Amino acid sequence: MATMENVIVLVNRIQRACTVLGDHGGGDVAALWEALPSVAVVGGQSSGKSSVLESIVGRDFLPRGSGIVTRRPLVLQLHKTEDGVQEYAEFLHMPKRRFTDFALVRKEIQDETDRLTGKTKQISPVPIHLSIYSPHVVNLTLIDLPGLTKVAVEGQPESIVQDIESMVRSYVDKPNCLILAISPANQDIATSDAIKLARDVDPTGERTFGVLTKLDLMDKGTNALDVLEGRAYRLQHPWVGIVNRSQADINRNVDMIIARRKEQEFFDSSPEYSHLASRMGSEYLAKLLSQHLEAAIRSRIPSITSLINKTIDELESEMDHLGRPIASDSGAQLYLILELCRAFDKIFKEHLDGGRPGGDRIYGVFDNQLPSALRKLPFDRHLSVQNVKRVVSQADGYQPHLIAPEQGYRRLIESALNYFRGPAEASVDAVHSVLKELVRISIGETQELKRFPTLQTELAAACYKALERFREDGRKTTLRLVDMESAYLTVEFFRKLPQEVDKTGTGNPRTANPPAPSDDRYTDAHFRRIASNVSSYIGMVSETLKNTIPKSVVHCQVREAKRSLLNDFYTQVGGKDAKQLAVLLDEDPALMERRLQCFKRLELYKSARDEIDSVSWTR
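If you're wondering where the values come from, they're calculated on a predicted model, not measured in any experiment. (Residues numbered from 1 in each chain as written. Predicted model: local features only at pLDDT ≥ 70, side-chain atom pairs only at ≥ 80, totals over all residues. Heavy atoms only, no water.)

Caption draft 1: View of the packing of aromatic side chains. Within this structure, the stated rule accounts for nine aromatic pairs. On the numbers, 4.7 Å between centres and 15° between planes, the contact of Y88 with Y133 is stacked. Taken as a pair, Y88 in strand β3 (residues 88-91) and Y133 in strand β5 (residues 128-134) lie far apart in primary sequence, 45 residues in all. Residue Y133 is classed as buried on the basis of its relative accessible area, which comes to 15%. Seen in terms of ring centroids, F379 and F420 are 5.6 Å apart; in terms of plane orientation they differ by 50°. Their pairing is tilted. Of the two residues, F379 sits in helix α13 (residues 379-382) while F420 sits in the loop between α15 (406-417) and α16 (421-445), which places them 41 residues apart along the sequence. For F379, a relative accessible area of 14% corresponds to the buried category. Classification of F420 by relative accessible area gives buried; the value is 1%. (Phe/Tyr/Trp six-rings, centres within 6.5 Å; stacked < 30°, edge-to-face > 60°. Helix = DSSP H or I, 4+ residues; strand = E, 2+ residues; numbered from the N terminus. Buried < 20%, exposed > 50% of the residue type's maximum accessible area, 1.4 Å probe, protein only.)

What follows is the structure in structure tokens.
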């Protein structure tokens, strides 16, 4: 069964781990810190806060002086050790150094404060974290805050009063913060800065513990019984009186253990306070705070556990997203690379097959771009009467054609077919561009690849190289289709032409259109008829190519991209050694840092969950 000390030590460890993570921890670590109960020490300047803390610790370790001395919050974690163990202190900003001389602790607090605020009277909300290990303390975490003040002194901004109050409120406003309100007994409790602030943030007094200091400095004939017995100002918890060391004791470096004994003797021998002696003094205060802090922690364990479990699930998911650490052996590295490539290839194929957007753009090339390009070819200019006459005449040479200008037909058709090369190549290039863009998009959508920028670059380069090879094959094959149309004309088409222009119904191509005596075969009408026949043939070829060009492009580029896009890359990767594979798996430093911090947070939460499980069901 876990003890009270175990519970507080656990919270101390969690708080310390949260602080170590600092700004890298993320909002969840800040939320965990907020959920953990703590004790904030609040009081006006010169109210005796430092003396109370030193009495609880049993060591003289805090800076002293007039005016504002505490200029940064001090998170003080006390850890009880076994009897006989030497006392020591550790600062979070100096984790490898142990301080056994507490005069040096005081100096380091002062120096660390000056590092941030300078040797001025400015304040800073950035806390100093100090842990003290001693057999003379109870397990407890206290937050010493700058003393409240009413007036800015020389060297301080006019806003110092509000700045200090805002800083103090940022701690005590939290519902899980216990408030240790320090007030001097030799001042009217109605003017206490600590009580005024505590009443604002904790009007029921459930979180406030009143401490009355300097009882030995009250005027003769007066006492503080009205306050200590709750008549002057009632709190849910009993007031505790403290007798601080006198300035003479401080100057003589009187041992704190002796000071505690003298304090207890004061209450035991005092006619006014002897009946309250059992619940007076710094030792009683430390035990009281430890008990209530432990109770506050236990009451919040269910909500803390719920927060921890929820955050563990979120961090596990984030770690899966970021990827687990990489194995060092080449076999595991090669397997990881192949798995990443397969994940990319799956997404790439989904784009082509319609599972993801993008593949439809290839169909757009065939359904819109190619037909539009074919329609825009300059056949009207090529088959103008003037050009047809020129081509036919040049083909006839010195011997004019007798019946039909076959050579002229062939030249007109062959030169016209050359125009199809442009749309054919444009279709190949357009599909190539779409495939390249889909590669880029697919790499970006492969979440597992995001951690490996070098592998992304190499993978993209290999894909682009393969696509370039597919494009060249597609270009050759598609242009070969055009060249085949030029290499062998469809004779049957021309054999049908006389019947198509025969208006007499004789069906005899040789007499279908017998020239009239006045009919000149070299008139514009004759050449227009030739242009019309060539245009019909070109239209037939255009319809054919409109169907065959997509087949060629898909066969040579799209199908091959689906079948063998990464084949060469697989071959290259398979021949690499462990060092070369490690280069491919060189991660983005920012992502590595993000994973490291995520891992640290996850370990923190898992450790906290395991330890809380050991105390959450005890009384």
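Caption draft 2: Spotlight on empty space enclosed by the protein. Counted by the stated rule, this structure contains four cavities of 30 Å³ or more. When its volume is computed, the largest cavity comes out at roughly 110 Å³. Taken together, 13 residues line the largest cavity, and the ones lying closest to its centre are P63, V69, T70, R72 and I109. Along the lines of polarity and charge, the residues of the lining of the largest cavity split into six nonpolar, four polar and three charged. (1 Å grid on protein atoms, 1.4 Å probe; cavity = no way out; pocket = protein on both sides within 12 Å on 5 of 7 lines; lining within 4 Å. Points joined across faces, edges and corners; volume = space filled by probe spheres on them. Nonpolar A, V, L, I, M, F, W, Y, C, P; charged D, E, K, R; others polar.)

Caption draft 3: Structural detail: the environment of S330. As for its placement among the helices and strands, S330 is situated in helix α11 (residues 330-353). Separated by 247 residues in the primary sequence, S330 and D577 place their C-alpha atoms 6.8 Å from one another. If near-sequence neighbours (up to four positions away) are discounted, S330 is found in contact with A578 and L581. (Contact = heavy atoms within 4.5 Å.)

Caption draft 4: How the structure looks around the sheet that holds strand β8 (residues 208-213). Overall, mixed pairing links the nine strands, which are arranged β4-β3-β5-β2-β6-β1-β7-β8-β9 in an open sheet. With partners counted over all chains shown, the strands left at the sheet margins are β4 (94-99) and β9 (240-241), one partner each. When strand β2 (residues 74-80) meets β5, the two strands line up parallel, connected through seven bridges. Bridged to V75 within β5 is H129. Strand contacts of helix α3 (residues 49-57): β1 (38-43), β2, β5, β6 (140-144), β7 (177-184) and β8, with the helix running at about 165° to β6, the strand carrying the most contacts. (Pairing = 2+ DSSP bridges. Axes fitted to C-alpha atoms, helices over the stretch in contact; angles between N-to-C directions.)

Caption draft 5: Region of the structure containing the pattern of salt bridges. According to the stated counting rule, one finds 35 salt bridges in the structure shown. Where K49 meets D144, a salt bridge forms, and the shortest distance between an N and an O atom there is 2.9 Å. Here the residue K49 occupies a position in helix α3, and D144 occupies one in strand β6, the gap between them amounting to 95 residues. Taking relative accessible area as the criterion, D144 reaches 3% and is therefore assigned buried. (Salt bridge = Lys/Arg side-chain N within 4 Å of Asp/Glu carboxyl O.)

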